[in-house]
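Below are the chains, spelled out letter by letter.
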Amino acid sequence: MRTYLIALLLATLSGPVLAQSNNPERVQRFAALPNWSGIWETELSAQLDGGELDQSMSEAMRHPERITAVLAPPGVLLPAEVLFFSRQQLIQKPPYNAEWDRRYESQKREVLATPASAVKAGTVKACSWDFPVIMESPTDGVFQVFVTPEETLLLFADGQARHIYTDRPHPAKENLWPTDLGDSVGKWERDTLVIDTVQRKAGPLVRVPHFLSPELSAEAHFVERLRMVSADVMEDQMTIDDPARLEHPWAVTLRFRRVKNLDRLIATDCSENDRFRVVNGKETIE
Amino acid sequence: MKLTHQKTPATSVRITIALLICASGMFAPRLFAHHSYAMFDSATQLKLEGDVREFQWTNPHCFIQLLAQRSGVTEEWSIQMDNPQSLYRRGWRPGSIKAGDKLTLVIHPTRDGSHSGRYVSAVGADGKPLLQD
């Protein structure tokens, strides 16, 4: 009898708590949010998948001398790869201050002077991308968006997730430390999600040895304005401020397209059956 | 098992870059999804005929394990494709190729001379081309 009474008391107490999770006020807030459901991909990924780049990439292979972009020591990437990756905005030279401009140009000369033979086999390899490049990921740049009143979640096919909390500020400074994706919070301005990101781990945006990549400090501050511009296109106006390295804020506009040839988010990863090997100093498949 | 790669004129076909660009999908639609494709000799196309031993529908790459008949010898070749998500988008399914299927494959071989390469195109026993990857 006593057990029954306790159970009854607990059930009575938990009732309102459970009901609170879907109270009318929250339902109303949820209903007011934009519907960004579906699967999205970065514009470059969409162009690649749709064959829009086939011609220019073929041209690059036919006329490698016309590819002037510098990404890696000559010969390390195929000309088509150089052309393709050089289309990323976040791999371009940022508006550096004088000191970092000098460093960048020096690194560029170094990359150009490095013979392909000096690049250790197997090092030109990447499995995932950090923020902010994850928002412009040219390969596997497929993600799903979940909008709730408390958080907007960007879930990427490789399993990475950007949690953008919309019900709280950043944690106190002493509770934060640099991570690959940084710490993001957001606020809604009508149908635009304004995302504020801090504490991205310092260093190159593309963490591949020998690559010429923009670099940011851990003090870099990112503001994004994410919104739908049409039924099938989303836009991310990103502004990067990093007073220690940039002369002025770096502004890029990224676009995402709705994926229509996927019925679900299919996971990608590097660990399941990675047969890429280096044998006797040469890259091969085993 | 790794076997020595010996190209024979009868079975390996070298084609110029100018000809290669006519082949759709030749430049690996998912470049650098995992590693650079500079490891494959994109200036060379190799034709392989044989039976599928296994179709590996796996990340980060799918593979066709082909028992190729070359100069009267059976050799096992590993043919790299894109990842399942990319292939799925182009119409491939885990059962698109089965063990025992007879295929004629065109690949870009790896530069190290091993029995492996990058998928370019394939034709089934019925003469119909398979999907691009």
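Think of each chain on its own: its residues are numbered from 1, step by step along the sequence as written. Each chain is given a letter, starting from A, and each ligand a number, starting from 1, according to the order in which they appear as written. For this predicted model, a pLDDT threshold of at least 70 governs which residues receive local features, and a threshold of 80 or more governs which side-chain atom pairs are given and counted, while totals over whole chains, interfaces and linings are taken from all residues. Side-chain calculation: all heavy atoms of the structure are included, whereas hydrogens and water are not.

Enquirer: Looking at this model, I keep getting lost on the packing of aromatic side chains. Mind explaining?
Expert: In this description, a pair of aromatic rings is defined by centroid distance and the angle of the planes. The rule is short: rings of Phe, Tyr and Trp, with Trp giving its six-membered ring, pair when the centres are within 6.5 Å, and they are stacked under 30 degrees, edge-to-face over 60, tilted in between. Under the criterion given, the structure shown has ten aromatic pairs over all chains. Each ring, one from A:Trp36 and one from A:Trp188, has its centre 5.3 Å from the other, and the planes form 55°; the classification is tilted. Residue A:Trp36 is located in the loop between α2 (24-32) and β1 (39-42), and its partner A:Trp188 is located in strand β5 (residues 183-189); the two are separated by 152 residues in the primary sequence. With a centroid separation of 6.1 Å and an interplanar angle of 50°, the aromatic rings of B:Phe55 and B:Trp92 are classed as tilted. Here the residue B:Phe55 occupies a position in strand β2 (residues 44-56), and B:Trp92 occupies one in the loop between α2 (84-89) and β5 (102-109), the gap between them amounting to 37 residues. Considered together, B:Phe55 and B:Trp92 belong to a single accessibility category, that of buried residues. Over the ring of A:Trp100 we find A:Arg103; its NZ or CZ atom is 4.1 Å from the centre of that ring. Placement of a charge over a ring requires the Lys NZ or Arg CZ to be within 6 Å of the ring centre, with the centre-to-atom vector within 35 degrees of the ring normal. Sitting over the face of the ring of B:Tyr88, A:Arg264 holds its NZ or CZ atom 4.9 Å from the ring centroid. Counting from the N terminus, the helices are DSSP H or I runs at least four residues long and the strands are E runs at least two residues long. Residue exposure (1.4 Å probe, protein chains only): buried if accessible area is under 20% of the type maximum, exposed if over 50%, otherwise partly exposed.

Enquirer: Honestly, the nonpolar core in this entry has me stumped. Any pointers?
Expert: Grouped burial of nonpolar side chains is what soluble globular proteins tend to show. Counting residues in each nonpolar core, the largest one holds 67 residues, and the members touching the most others are A:Leu90, A:Met135, A:Met238, A:Ile240 and A:Phe256. The dominant element in this core, judged by the number of residues it contributes, is helix α5 (residues 79-85) of chain A, at five residues. In this view, A:Ile240 contacts A:Leu90, A:Leu216, A:His221, A:Phe222, A:Leu246, A:Pro249 and A:Trp250; residues no more than four positions away in its chain are not counted. Grouped together as the second largest cluster of nonpolar side chains are 19 residues, B:Phe55, B:Ile64, B:Leu66 and B:Tyr119 included. Within this scheme, the nonpolar core is defined by two criteria: the residues are buried Ala, Val, Leu, Ile, Met, Phe, Trp, Tyr or Cys, and they are joined through side-chain atoms within 4.5 Å. Any two residues whose heavy atoms approach within 4.5 Å are treated as being in contact.

Enquirer: Explanation requested: the sheet that holds strand β4 (residues 161-165) of chain A in the structure shown.
Expert: In a beta sheet, neighbouring strands pair by backbone hydrogen bonds and run either parallel or antiparallel. All names here are of chain A. Whether two strands pair depends on DSSP finding at least two bridges between them. The strand order β1-β2-β3-β4-β5-β6-β9-β10-β11 describes a closed barrel built from nine strands, whose pairing is mixed. Averaged over all adjacent pairs, the angle separating strand axes in this sheet is 30°, with direction ignored. Two strands pair when backbone bridges link them, and β1 and strand β11 (residues 250-258) are joined in this way by three bridges, in the antiparallel orientation. Counted as the bridge partner of Glu41 is Arg257 from β11. Only C-alpha atoms enter the line fits that serve as axes; for helices the fit covers just the stretch in contact. Angles between N-to-C directions range over 0 to 180 degrees.

Enquirer: Sorry if this is basic, but what is going on with unusual backbone geometry here?
Expert: The general pattern is negative phi for most residues beyond glycine and trans for most peptide bonds. A cis amide bond links A:Phe131 with the next residue in sequence, A:Pro132, at an omega value of 5°. Tracing the chain through its elements places A:Pro132 in the loop between α6 (98-113) and β2 (142-147). With an omega of -5°, the peptide bond between B:Asn59 and B:Pro60 qualifies as cis. Turning to its location among the elements, B:Pro60 is positioned in the loop between β2 and β3 (63-70). One non-glycine residue, A:Arg190, adopts positive backbone phi at about 55°. Residue classification places A:Arg190 among the exposed residues on the basis of a relative accessible area of 80%. In this structure, B:Ser71 is a non-glycine residue whose phi angle is positive, near 55°. In this structure, B:Ser71 sits in the loop between β3 and β4 (73-80). For B:Ser71, a relative accessible area of 56% corresponds to the exposed category.

Enquirer: Any chance you could explain the interface of chain A and chain B here in plain terms?
Expert: Bring the parts together and some accessible area is lost; that lost area is often taken as the interface size. Opposite the 47 residues of chain A that make contact, chain B presents 35 residues. Each salt bridge in this description consists of a side-chain nitrogen of Lys or Arg and a carboxyl oxygen of Asp or Glu lying within 4 Å of one another. The shortest N-O distance in the salt bridge between B:Arg89 and A:Asp49 comes to 3.3 Å. Here a polar contact is recorded for every N or O atom pair within 3.5 Å, except that within protein the pair must consist of a potential hydrogen donor and a potential acceptor, and residues adjacent in sequence are included only if both atoms are side-chain atoms. Our enumeration of links across chain A and chain B arrives at 16 residue pairs in polar contact (both at pLDDT 80 or more). Looking at the side of chain A that touches chain B, the elements that each hand over two or more residues are α3 (43-49), α4 (54-62), α5 and β13 (282-285) of chain A. Considered class by class, the residues forming the side of chain A that touches chain B number 25 nonpolar, seven polar and 15 charged. Three categories are distinguished: nonpolar for Ala, Val, Leu, Ile, Met, Phe, Trp, Tyr, Cys and Pro, charged for Asp, Glu, Lys and Arg, and polar for the others, with Gly belonging to the last.

Enquirer: Would you mind showing me how to read the pairing of strand β12 (residues 276-279) of chain A here?
Expert: Looking along a regular strand, one sees side chains alternate from face to face of the sheet. With four bridges joining them, β12(A) and β13(A) adopt antiparallel strand pairing. Pairing of A:Val278 across the sheet is with A:Glu283, part of β13(A).

Enquirer: What should I look at first to understand the pairing of strand β6 (residues 192-198) of chain A in this one?
Expert: Residue and element names in this part refer to chain A. Here β6 lies mainly inside the structure; six of its seven residues are buried. Sheet analysis places β5 next to β6, joined by seven bridges and oriented antiparallel. In the strand pairing of β6, Lys187 is matched with Val194. Joining the antiparallel neighbours β5 and β6 is a turn of two residues, in which Arg190 adopts a positive phi near 55°. Looking at chain direction, β6 and strand β9 (residues 221-230) are connected through five bridges and run antiparallel. What sits directly across from Asp196, in β9, is Val223.

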